[in-house]
Amino acid sequence: MTFSANDFASKRELSCLDTLLRYGISLLIVGKPGAGKTTFMRYLLSALSGEKMDVVTIDDKQEINVGTLLSPSDSVLTDHLLQYASGLEPDVIGCNIDDSPVWKASLQGNAVIAASPDFDPREALYQMSSGSLPLDRLARAFPVIVFLRIFRDGKFRIAGIFEHVPGGQKHPELKAIWEFRIKEKAGEKLMGVHQQVNDLSESIFSRMRFSGLSPVEEQKIRKDYEDAERFSDRPAGSGSAAP
């Protein structure tokens, strides 16, 4: 499935998520049941596996068979599988089990993709932190949140990509990085654009540089890259000069 072909996401948006995972940044995919979380997780993990990255998947339903597949049983708990998966030292761990302590694997230094079946990103994070997990630790475990929605035209889309900002005491603080912005409505038809609205924080870029992110790769996921690329394509002498 080509996710950029059906308005699910832009190519740059997908490339940004791929780059985040390749350089150690964990993602939490949030969306109500049926919003496409499992399918999208499979897509991301398959893309990483195709880039020769070592992928371990933990899945009790065996819906995502990418890389090394681990499944819990009556005698093997999810927590134990996460410990075992971390010990394998993979590049990425995908966990397709609801209410699992997958945040532990992320805090141990693994890049993780997990999913939460919720209607709202803040509510999903609030529910995850309602036990013994403070919001600050959760923000370190899942610094980037991907929100999937089914829009009124029936299409599945990334509605937004958010950075989970540390510092929230009672409620999660989210900063929009990408948004799907509706430009026109005609009956059930929606016309919109996936647009980058902010840069990731310097904290996330620092973590990625430590894992080997190059200046060229960094520039490609910054907000001004698309504008700069568009400007470089203009013929010489086009545009207006500043007074």
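The rules we used
Residues numbered from 1 in each chain as written. Predicted model: local features only at pLDDT ≥ 70, side-chain atom pairs only at ≥ 80, totals over all residues. Heavy atoms only, no water. Axes fitted to C-alpha atoms, helices over the stretch in contact; angles between N-to-C directions. Helix = DSSP H or I, 4+ residues; strand = E, 2+ residues; numbered from the N terminus. Left-handed = near helix turned anticlockwise from the far one by under 90°. Contact = heavy atoms within 4.5 Å. Nonpolar A, V, L, I, M, F, W, Y, C, P; charged D, E, K, R; others polar. Buried < 20%, exposed > 50% of the residue type's maximum accessible area, 1.4 Å probe, protein only. Arc of directions from axis to C-beta. Pairing = 2+ DSSP bridges. Expected span 1.5 Å × (residues − 1). Salt bridge = Lys/Arg side-chain N within 4 Å of Asp/Glu carboxyl O.

A. Highlighting the packing of helix α1 (residues 11-22) against helix α2 (residues 37-50). One way to put it is that α1 packs onto α2 with a least axis distance of 11 Å and a crossing angle of 65°. As for the relative orientation of α1 and α2, their crossing is right-handed in sense. In this structure, α1 uses Leu-14, Leu-17, Asp-18, Leu-21 and Arg-22 to contact α2, whose residues at the interface are Phe-40, Tyr-43, Leu-44, Ala-47 and Leu-48. Classifying every residue of the contact of α1 with α2 gives eight nonpolar, no polar and two charged.

B. Spatial organisation of helix α3 (residues 78-87). Every buried residue belonging to α3 is among Thr-78, Leu-81, Leu-82, Ala-85 and Ser-86, and all of these are buried. The arc that holds the buried residues of α3, viewed along the axis, is 135°, so those residues lie on one side. Buried residues along α3 sit in contact with β2 (55-58), β3 (68-70), β4 (92-95) and α4 (103-107). In the stretch just after α3, Glu-89 is the one whose phi turns positive, near 55°.

C. Looking closely at the environment of Phe-180. By secondary structure assignment, the location of Phe-180 is in strand β8 (residues 173-186). A sequence separation of 170 residues divides Phe-180 from Ser-10, and the C-alpha atoms of the two residues are 9.6 Å apart. Leaving out residues up to four positions away in the same chain, Phe-180 has contacts with Asp-7, Phe-151, Arg-157, Ile-158, Ala-159, Gly-192, Val-193 and His-194.

D. Quick look at the sheet that holds β2. Spatial ordering of the open sheet is given by β3-β2-β4-β5-β1-β6-β7-β8-β9, a layout of nine strands whose pairing is mixed. At either margin of the open sheet sits one strand with a lone partner, and together these are β3 and β9 (189-196). Pairs of neighbouring strands in the sheet enclose a mean axial angle of 20°, with direction left out of account. Each of β1 (27-30), β4, β5 (111-116), β6 (144-150), β7 (156-165), β8 and β9 is contacted by α1, which is oriented at about 45° to β7, the strand it contacts most. Docked against the sheet, helix α5 (residues 121-128) engages β1, β5, β6, β7 and β8, running at close to 115° with respect to β1.

E. Spotlight on the pairing of β6. Judged by how many residues are buried, β6 sits mostly within the fold: five of seven residues are covered. Here four bridges tie β1 to β6, and the two strands are oriented parallel to one another. When the sheet's bridge partners are listed, Leu-27 is paired in β6 with Val-144. Summarising the sheet, β6 and β7 pair through seven bridges and their orientation is antiparallel. Note that in β7 the partner of Val-146 across the bridge is Ile-161. Counting the residues between successive antiparallel strands, the hairpin from β6 to β7 contains five residues, one of them, Gly-154, with a positive phi of roughly 85°.

F. Here's a closer look at the environment of Leu-138. Note on placement: Leu-138 falls in helix α6 (residues 135-141). Setting aside anything within four residues of it in sequence, one finds Leu-138 in contact with Leu-125, Met-128, Ser-129, Leu-133 and His-164.

G. Layout of the environment of Val-55. Summarising the element assignment, Val-55 is placed in strand β2. A C-alpha to C-alpha distance of 8.8 Å links Val-55 and Leu-69, two positions 14 residues apart in sequence.

H. Main features of α2. If you check α2, its first and last C-alpha atoms are 20 Å apart, about what 14 residues at 1.5 Å a residue would give, namely 20 Å. All of the buried residues in α2 are Lys-37, Phe-40, Met-41, Leu-44, Leu-45 and Leu-48. Seen from one end, α2 has its buried residues packed into an arc of 130°, which puts them on one side. A positive phi of about 70° marks Lys-52, the residue just after α2.

I. Here's a closer look at the pattern of salt bridges. Under the defined criterion, the tally for this structure stands at 13 salt bridges. The residue Glu-179 makes a salt bridge to Arg-181 at a minimum N-O spacing of 2.9 Å. Residue Arg-181 is classed as partly exposed on the basis of its relative accessible area of 34%. Between Glu-202 and Arg-209 there is a salt bridge whose closest N-O contact spans 2.6 Å. The exposure class of Glu-202 is partly exposed, given its relative accessible area of 44%. A residue is classified by how much of its surface remains accessible, and Arg-209, at 33% relative accessible area, is partly exposed. It is possible to trace a salt-bridge network through shared partners that takes in Asp-199, Glu-202, Arg-209, Glu-218 and Arg-222.

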